[in-house]
Amino acid sequence: LGVAPMLSADYPIYRIEALMEGDPGEVIETPNGAQELAMIQFSSGSTRHPTGVELTHSNQLHNIQAIIEHQHGTPDDSFVNWLPLFHDMGLIGYHLLPIVAGARQAHLHPMHFAKEPFAWLEALHRHRASVTASPNFGLAHVLRNVDARRLAELDQAIEVLNVVAPVHDVLEEPRKHQRPRDH
C-alpha cells in the first residue's frame, strides 16, 4: 500500500446526482496534482478561535498513510462510525482512511446514534468492527441510555479510540448506577 500510486492515478469523478439517476454524465476533472488544495480543515475552536489550515491531496494521503502504518488500518479491518463526515475524525479517520487501506466501513447517521445509542453497539457487533471512535460525550450517552441487559446481547469486545480525553472518569460514574447482569 502506498500513497504515490493514488496521487498519480487518473481516477474519474462523477456527480452523485447523475449516478443516482442511472447516468454518470460527464466526468468532473480530477485534480491536476498532489499539491492542489484538497480541503480547508478547521480546528474546533474549543481552546481558541477556529483556525483553518489548507491541506493538499498529498498532505491528506501522507497523514492517512502515517495513521495506517503506526496505528490501524488494514484490509482486514472493519471501521464503524457515527461521527459526522463534516468532522475531521469522521471524514479522514472513518471514511478516507478505510478507502486508502482497502478496509470495510459502515456509518450511522449521528442523529440515529443520538436517538438510539444501542444502534452503534449493534453496528459494531453486526459488522465485526475492529476500529471505532467516540468522544467522551458519546461514551457517556451510551452508558446512560443502554441497559446492561442489552449489552449482554453482544458477544464482541471492542476497543474504542477516545478522540478527546481519558475514558476512565466517563466509565466509572455510570457503572455506579447500572444494574448487574443476570446470569
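These numbers come from a predicted model, not from an experiment.

### Looking at the overall build of the protein
Each helix and strand counted, the protein has 9 helices and 6 strands in total. Split by element, the accessible area of the protein, about 11,900 Å² in all, is 55% carbon and sulfur.

### Thoughts on the pattern of salt bridges
Evaluation of the coordinates by the stated rule reveals 3 salt bridges. Across the pair E122 and R150 runs a salt bridge whose closest N-O atoms are separated by 4.0 Å. With a gap of 28 residues between them, E122 in helix α6 (residues 118-126) and R150 in helix α8 (residues 148-151) connect regions that are remote in the sequence. In this structure, R149 engages D147 in a salt bridge whose closest nitrogen and oxygen atoms are separated by 3.5 Å. Each of E116, E122 and R150 takes part in one network of salt bridges that share partners.

### Some remarks on the packing of aromatic side chains
The tally for this structure, following the rule as stated, stands at 5 aromatic pairs. Their ring planes at 75° and their centres at 5.9 Å tell us that W82 and F137 sit as a pair that is edge-to-face. With W82 in the loop between β3 (78-81) and α4 (88-101) and F137 in helix α7 (residues 136-145), the pair connects residues that are 55 residues apart, well separated along the chain. A connected cluster of aromatic rings, assembled from ring pairs, spans W82, F113, W120 and F137.

### A closer look at the nonpolar core
With 29 residues, the main nonpolar core has V80, L108, W120 and L121 as its most contacted residues. Those elements that place two or more of their residues in this core are α3 (57-70), β3, α4, α6 and α7. Dropping the residues within four chain positions of it, L121 is found in contact with V142, V146, L151 and L154.

### Some remarks on the pairing of β3
Here β3 shows a buried face lined by S78 and V80 and a second buried face lined by F79 and N81. As judged from the 4 bridges shared by β3 and strand β4 (residues 104-107), these two strands associate in the parallel manner. Note that in β4 the partner of S78 across the bridge is R104. Crossover connection from β3 via α4 to parallel β4: handedness right-handed.

### Some thoughts on a nonpolar patch on the surface
Together, L37, I40 and F42 make up a nonpolar patch on the protein surface, roughly 300 Å² of accessible area in all. Within the fold, I40 resides in strand β1 (residues 37-42).

### Things to note about unusual backbone geometry
Although it is not a glycine, R128 adopts a positive phi angle of roughly 50°. Structurally, the position occupied by R128 is in the loop between α6 and β5 (132-134). Residue R128 is classed as partly exposed on the basis of its relative accessible area, which comes to 43%.

### A closer look at the side chain of H141
With respect to the secondary-structure elements, H141 resides in helix α7. H141 sits in the buried class, given a relative accessible area of 15%. Apart from the residues within four sequence positions on either side, H141 is in contact with F113, A114 and P117.

### Comments concerning the environment of V53
Mapped onto the elements, V53 comes out in strand β2 (residues 52-56). Note: C-alpha distance between V53 and I40 (13 residues apart in sequence) is 5.4 Å.

### A short note on α7
Counting buried residues along α7, 7 of its 10 residues qualify, which places the element largely inside the surrounding structure. Within the sequence span of α7, burial applies to N136, G138, L139, A140, H141, V142 and L143.

### Regarding the confidence of the model for the protein
As a note on interpretation, predicted positions should not be read in detail where pLDDT is low. With 66% of its residues at a pLDDT of at least 70, the protein reaches an overall mean of 76. Averaged over each element, pLDDT in the protein is lowest for helix α1 (residues 4-8) (46) and highest for helix α5 (residues 110-115) (96). Across residues 1-8 the pLDDT falls below 50, and counting only partners more than four positions away or on other chains, this stretch makes 16 contacts in the model.

Cut-offs applied
- Think of each chain on its own: its residues are numbered from 1, step by step along the sequence as written.
- Predicted model: local features are reported for residues with pLDDT of at least 70 only, side-chain atom pairs are reported and counted for 80 or more only, and whole-chain, interface and lining totals are derived from all residues.
- Side-chain descriptors were evaluated using all non-hydrogen atoms of the structure, hydrogens and water having been removed beforehand.
- Secondary structure elements follow DSSP: runs of H or I of four or more residues count as helices, runs of E of two or more count as strands, with numbering from the N terminus.
- We get accessible surface area from the Shrake-Rupley algorithm with a probe of 1.4 Å; when it comes to residues, only the shown protein chains can shield them.
- Salt bridges are counted wherever a side-chain nitrogen of Lys or Arg sits within 4 Å of a carboxyl oxygen of Asp or Glu.
- Between 30 and 60 degrees the pair is tilted, below 30 it is stacked and above 60 it is edge-to-face, where a pair is any two Phe, Tyr or Trp rings, Trp via its six-membered ring, whose centres lie within 6.5 Å.
- Residues belong to a common nonpolar core when they are buried Ala, Val, Leu, Ile, Met, Phe, Trp, Tyr or Cys residues joined through side-chain atoms within 4.5 Å.
- When accessible area is computed with a 1.4 Å probe and restricted to protein chains, residues below 20% of their type maximum are described as buried, those above 50% as exposed, and intermediate ones as partly exposed.
- In what follows, a contact means two residues having at least one pair of non-hydrogen atoms within 4.5 Å.
- A strand pair is defined by DSSP finding two or more bridges across the two strands.
- A crossover counts as right-handed when, viewed with the strands pointing away from the observer, the path leading from the first strand over the helix to the second turns clockwise.
- Patch members must show over 30% relative accessible area and no salt bridge, and they are joined within 9 Å when carrying like charges or within 5 Å when they are nonpolar side chains of Val, Leu, Ile, Met, Phe, Trp or Tyr.
- pLDDT measures how confident the predictor is about each residue, on a scale from 0 to 100.

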